[in-house]
Amino acid sequence: MATATAERMPEPERLELRVPLFESAIGALEDEQRHVVLDLGVVRSGTVSLLNGRRCRLDVMAITAGAGSGLDRLEPEAFSALVQAALPPAGEERVDLVLCWNLFNYLSTDQIGITVAALAPRCRPGARLHALIEYSARTMPATPLSFSPAGPGTLDAVVADDEPVPAPRYGARDLEQCMPGFTHERTMLLGGGMQEYLFRRQQD
């Protein structure tokens, strides 16, 4: 009797990015001082592994829940409440590095401003903020890619299999104008039409 064999599901498409600015930001945490990293996504094993062995505390502020499915359409008051609820306890230590991943692509400039205004008082002067921005492509996945470090200078993500949505294609000036307390430091063009940005916290 013939036996049925299940069809093998195709392997999900993966995206790998070389991220020199991310690598330099992580490299700045290698001294003997204690550092605080604030992750605006979810806990990723790659991030934990990358920081393992460094004198770092990793705080997670998962405001990405719902991103790509109406988050950008929330009223300012509702979005601000969401941000405040997601903030981890402040403690006495100030943040040295904020990892935004690709979140800003899914927020309006007003929402980026609300988010950064909540973060700025938590950051020490000179702290850095790293973000990945869709730059050349006119569309992007409706569901944000979940990037995870595969090494100090490499990020890996599974490409979402859903309908694309328009990409805002923010430039450095667009972002700096809506990020109180931060100035643009460096930009790097990456493969796949993305750019990575580093912003630096101004002096108090």
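Only a predicted model underlies this, so the values are computations on that prediction, with no experimental measurement involved.

Visitor: Would you mind going over the sheet that holds strand 7 (residues 148-151) with me for this structure?
Guide: Consider a sheet: its strands pair through backbone hydrogen bonds, and that pairing is either parallel or antiparallel. Spatially, three strands are ordered 1-8-7 in an open sheet, and the strand pairing comes out antiparallel. In the strand order of this sheet, the two ends are held by strand 1 (14-18) and strand 7, each with one partner. Pairs of neighbouring strands in the sheet enclose a mean axial angle of 35 degrees, with direction left out of account. In the sheet, strand 1 pairs with strand 8 (residues 154-158) via five bridges, with the strands oriented antiparallel. Directly across from Leu 15, in strand 8, lies its bridge partner Ala 157.

Visitor: What should I look at first to understand the packing of aromatic side chains in this one?
Guide: The geometry of an aromatic ring pair is captured by two quantities: the separation of the ring centres and the angle between the planes. Counted by the stated rule, this structure contains two aromatic pairs. Relative to Trp 101, the ring of Phe 22 lies with its centre 5.9 Å away and its plane at 40 degrees, an arrangement referred to as tilted. Of this pair, Phe 22 sits in helix 1 (residues 20-27) while Trp 101 sits in the loop between strand 4 (95-99) and helix 4 (109-119), placing them 79 residues apart in sequence. Residue Phe 22 is classed as buried on the basis of its relative accessible area, which comes to 2%. Seen in terms of ring centroids, Tyr 197 and Phe 199 are 5.9 Å apart; in terms of plane orientation they differ by 20 degrees. Their pairing is stacked. What makes Tyr 197 buried here is its relative accessible area of 1%. When the ring centre of Trp 101 is taken as reference, the NZ or CZ atom of Arg 44 above it lies at 4.5 Å.

Rules behind the numbers
Residues numbered from 1 in each chain as written. Predicted model: local features only at pLDDT ≥ 70, side-chain atom pairs only at ≥ 80, totals over all residues. Heavy atoms only, no water. Pairing = 2+ DSSP bridges. Helix = DSSP H or I, 4+ residues; strand = E, 2+ residues; numbered from the N terminus. Axes fitted to C-alpha atoms, helices over the stretch in contact; angles between N-to-C directions. Phe/Tyr/Trp six-rings, centres within 6.5 Å; stacked < 30°, edge-to-face > 60°. Buried < 20%, exposed > 50% of the residue type's maximum accessible area, 1.4 Å probe, protein only. Lys NZ or Arg CZ within 6 Å of the ring centre and 35° of its normal.

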